[in-house]
Amino acid sequence: MSTNAAELYKRIEDDQSFSQILFRQALQDPEGAMKAICVLGDELGLPVTPEEVKEHLSSLDDDQTKQWLIKARGGL
């Protein structure tokens, strides 16, 4: 598992407004949300691939993330 993906997830999770923006985008355009996550990672010096993000999210064991994944299943 990528430590960048874990750190990036933590930063996204800590920023409620960004979390909500990504959630809404994932509902409408899951692939676009994944691209946005990867771009944000690059901007923050935490580069990740879509596969690393998916792997990290699948490793989490919390209900909020699982619900997010169910709703955004298409691209995440």
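This one's a predicted model, so the numbers in the text were calculated from it and none came from an experiment. (Residues numbered from 1 in each chain as written. Predicted model: local features only at pLDDT ≥ 70, side-chain atom pairs only at ≥ 80, totals over all residues. Heavy atoms only, no water.)

(A) Representation of the overall build of the protein chain. Secondary structure assignment for the protein chain yields five helices and zero strands. Going from N to C terminus, the protein chain has its helices and strands arranged as α-α-α-α-α. Of all 76 residues assigned to the protein chain, the portion counted as buried reaches 36%. Summing over all exposed atoms, the protein chain offers an accessible surface of approximately 4,800 Å²; the carbon and sulfur share of this is 51%. (Helix = DSSP H or I, 4+ residues; strand = E, 2+ residues; numbered from the N terminus. Buried < 20%, exposed > 50% of the residue type's maximum accessible area, 1.4 Å probe, protein only. Areas by Shrake-Rupley, 256 points an atom, 1.4 Å probe, with all protein chains shown as cover.)

(B) Fine view of the packing of helix 3 (residues 30-43) against helix 4 (residues 50-59). Two elements in contact, helix 3 and helix 4, have axes whose closest approach is 10 Å; the angle formed by their N-to-C orientations is 100°. Relative to helix 4, the element helix 3 lies roughly perpendicular. Where helix 3 approaches helix 4, its residues Met 34, Ile 37 and Cys 38 are matched on the opposing element by Pro 50, Val 53 and Lys 54. Its residues placed into classes, the contact of helix 3 with helix 4 shows five nonpolar, no polar and one charged. (Axes fitted to C-alpha atoms, helices over the stretch in contact; angles between N-to-C directions. Parallel < 35°, antiparallel > 145°, perpendicular 65-115°, else oblique. Contact = heavy atoms within 4.5 Å. Nonpolar A, V, L, I, M, F, W, Y, C, P; charged D, E, K, R; others polar.)

(C) How the structure looks around the nonpolar core. Core analysis: the biggest nonpolar cluster contains 13 residues, and Leu 8, Ile 12, Ile 37, Val 48 and Val 53 have the highest contact counts within it. For this core, the secondary structure elements donating two or more residues are helix 1 (3-14), helix 3 and helix 4. Not counting the four nearest positions on each side in its chain, Ile 12 is found in contact with Phe 18, Ser 19, Leu 22, Ile 37 and Leu 40. (Core = buried A, V, L, I, M, F, W, Y, C linked by side-chain atoms within 4.5 Å.)

(D) Quick look at the environment of Ser 58. One can find Ser 58 in helix 4. In this structure the side chain of Ser 58 is engaged in a polar contact, spanning 2.9 Å, whose partner is the backbone oxygen of Glu 55. (Polar contact = N/O pair within 3.5 Å; in protein donor to acceptor, adjacent residues only side chain to side chain.)

(E) Structural detail: helix 2 (residues 16-28). With 13 residues, helix 2 should cover 18 Å at 1.5 Å per step; its first-to-last C-alpha distance of 19 Å lies within 8% of that length. All of the buried residues in helix 2 are Ser 19, Leu 22 and Ala 26. Considered in projection along helix 2, the buried side chains sweep an arc of 70° and stay on one side of the axis. Exposed and facing more than 90 degrees away from the buried side of helix 2 are Gln 16, Arg 24 and Gln 28. (Expected span 1.5 Å × (residues − 1). Arc of directions from axis to C-beta.)

(F) Spatial organisation of the environment of Gly 45. Relative to the helices and strands, Gly 45 is located in the loop between helix 3 and helix 4. Sequence separation between Gly 45 and Leu 8 is 37 residues; the distance between their C-alpha atoms is 9.5 Å.

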